[in-house]
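As a plain string of letters, each chain reads:
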Amino acid sequence: MGGGNDEVVVGGKDKEEEEQDGMSVHSPCKALPSSASSLSKEQSEVELELTLLEALEIYPPVKLRGIHRHFVLYGLMEYLGRSFDRQFTADEVLQLLDRFYNIEMLKSDDEDVDVLNHEEDFTLPQSYFEKEEE
Amino acid sequence: MGSSSKEDTASDGDTASGGASPSNDGRLFTEGERVLAYHGPRVYGAKAKLNLSRPLYVSLIQIQKVELRKKEWKYFVHYLGWNKNWDEWVSADRLLKHTEENLVKQKALDKKQGVEKGTKSGRSAQTKTRSSADTKAEKDDTKNNAAKGKKRKNESGNEKDNVSAEKLLKIQIPATLRKQLVDDWENVTQKDKVVKLPRSPTVDEILSKYLELKTKKDGMITDAVGEILKGIRCYFDKALPMMLLYKKERQQYQEAIVDDVSPSTVYGAEHLLRLFVKFPELFSYVNMEEETWNRMQQTLLDFLKFIQKNQSTFLLSPSAYESDKVVSDVKGKGKDE
């Protein structure tokens, strides 16, 4: 685990291989294949990670475990998309997250469990029974 | 003014209890109960600096503890979806029962501000909604308490910047689909009929069709759309047994959903529409930036229009519902036919 956290990993790592063992072993700052060794690329990786961490304040990782998972992921995609002015795919975001978290290991949010833990009958709100008036 | 403020006080009492039956000791809310809470920008102040959140000033909260302090009941509340650091003690006047009626109140309150501030997304459909919500709110007023109209004005004056969570999250369902929901209600609850299962197309198929259509048209942005559609599917599967069924449909559900079958591969657009009615309730647990929510809302509206366009193929006509044998056998056949 230790050691690598502060240094930016330089050079084209074999990304596929790293992805396979989940996370935890390697530095969170590992380089994406596209960002080889130039300093600016490293910086942009750091920026990317910082922005992601910033975004996690709105979209907590724990929410990725519950029923809201996809909407939270969508929120992250949009957040990063706006910050870097390009599109992010869901996979990209998940891979980024994977540098910091093992999502599978997160305990799902009590609150989320709570939302749908009591059965209630559907009722159509009263407003549906009133004529739309102009 | 004098007499009206008197009335206001009376209706304030009403509002605080929110139709609840307070226990003998004067406690209005119980531990574990989920209610709505007013709160000022204070709560979001720190976050707002970081531009992290949409400005919600009515939140869904959960009561953690109830204590009598200096002869007044105090409630320790947790803002659902927020860090525990924001938990705090409040008195009953900050809390509202989480009822349809109170949500309507909030919507009405919010609507007034909407008019003042101009709307979020200037769509003509929403203007229409607003006027119908308006009418609705006024009707409620006359029904419940004549003084409330006045009170509401005071409220919106005092809490000018308050914006209701549920209102912001509301999704405007097109008129013909609203009609469909009412027909659906009538068939199931009044005529003891049900939608025959499995439906064709299923919710899954409808979602796929929509994604296919968008992919052909727009290419890349479909990744975002795809995620939203997955979110809808996930909500649908989880919410169907918990909140999308009328009582009379429960038996049918037991028979139709066996093993690990996903409801989205069995049920169709009739039940999917109901999800959109419930959507604000579910989604209020998600924190999202306003800009992102606006975009997502556009997608949801576009999806609803897609259903509307295909209403005749996706949705059963009211006469195509089947009589529910189970229910009608017990209750006496076809009482409405």
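Residues numbered from 1 in each chain as written. Chains lettered and ligands numbered in written order. Predicted model: local features only at pLDDT ≥ 70, side-chain atom pairs only at ≥ 80, totals over all residues. Heavy atoms only, no water.

Chain B carries the name Chromo domain-containing protein in an unreviewed UniProt entry, which gives Eruca vesicaria subsp. sativa as its organism. The Subcellular location (unreviewed entry) field of the UniProt record for chain B holds the comment "Nucleus". (UniProt positions renumbered as here; feature names shortened; annotations may be inferred.)

A UniProt comment under Sequence similarities (unreviewed entry) is attached to chain A, and it reads "Belongs to the EAF7 family." Listed under Subcellular location (unreviewed entry) in UniProt, the entry text for chain A is "Nucleus".

Caption draft 1: Seen up close, the packing of aromatic side chains. The final tally for this structure, using the stated rule, is 18 aromatic pairs over all chains. Plain terms: the ring middles of Phe-71 of chain A and Phe-283 of chain B are 5.5 Å apart, the flat faces sit at 85° to each other, and that makes the pair edge-to-face. One end of the pair, Phe-71 of chain A, is in helix α3 (residues 69-84); the other, Phe-283 of chain B, is in helix α11 (residues 269-283), on a second chain. Assigned by exposure class, Phe-71 of chain A and Phe-283 of chain B land together as buried. On the numbers, 6.1 Å between centres and 55° between planes, the contact of Phe-84 of chain A with Phe-88 of chain A is tilted. (Phe/Tyr/Trp six-rings, centres within 6.5 Å; stacked < 30°, edge-to-face > 60°. Helix = DSSP H or I, 4+ residues; strand = E, 2+ residues; numbered from the N terminus. Buried < 20%, exposed > 50% of the residue type's maximum accessible area, 1.4 Å probe, protein only.)

Caption draft 2: Quick look at the environment of Asp-223 of chain B. Considering the arrangement of structural elements, one finds Asp-223 of chain B in helix α9 (residues 222-243). Taking C-alpha positions, Asp-223 of chain B is 9.4 Å from Leu-211 of chain B, a pair spaced 12 residues apart along the chain. Sequence-distant contacts of Asp-223 of chain B, that is, excluding residues within four places in its chain, are made with Met-77, Phe-88, Thr-89 and Ala-90 of chain A. (Contact = heavy atoms within 4.5 Å.)

Caption draft 3: The arrangement of the interface of chain B and chain A in detail. Listed per partner, the contact involves 60 residues of chain B and 41 residues of chain A. Across the chain B/chain A interface, buried area totals approximately 4900 Å², and carbon plus sulfur atoms make up 59% of it. Its largest share of buried area at the contact with chain A, chain B owes to Arg-178, Glu-227 and Met-242 of chain B, together 13% of the area lost on that side. Counting across the interface, chain B meets chain A through 7 salt bridges. On the surface where chain B and chain A come into contact, there are 18 residue pairs in polar contact (both at pLDDT 80 or more). Where the side of chain B that touches chain A is concerned, the elements lending two or more residues are β3 (72-79), α4 (124-144), α7 (175-190), α9, α11 and α12 (290-309) of chain B. Broken down by element, the side of chain B that touches chain A gets its largest block of residues, 14 residues, from α9 of chain B. Partitioning the side of chain B that touches chain A into residue classes produces 31 nonpolar, 9 polar and 20 charged. (Buried area = accessible area lost by both parts, 1.4 Å probe. Salt bridge = Lys/Arg side-chain N within 4 Å of Asp/Glu carboxyl O. Polar contact = N/O pair within 3.5 Å; in protein donor to acceptor, adjacent residues only side chain to side chain. Nonpolar A, V, L, I, M, F, W, Y, C, P; charged D, E, K, R; others polar.)

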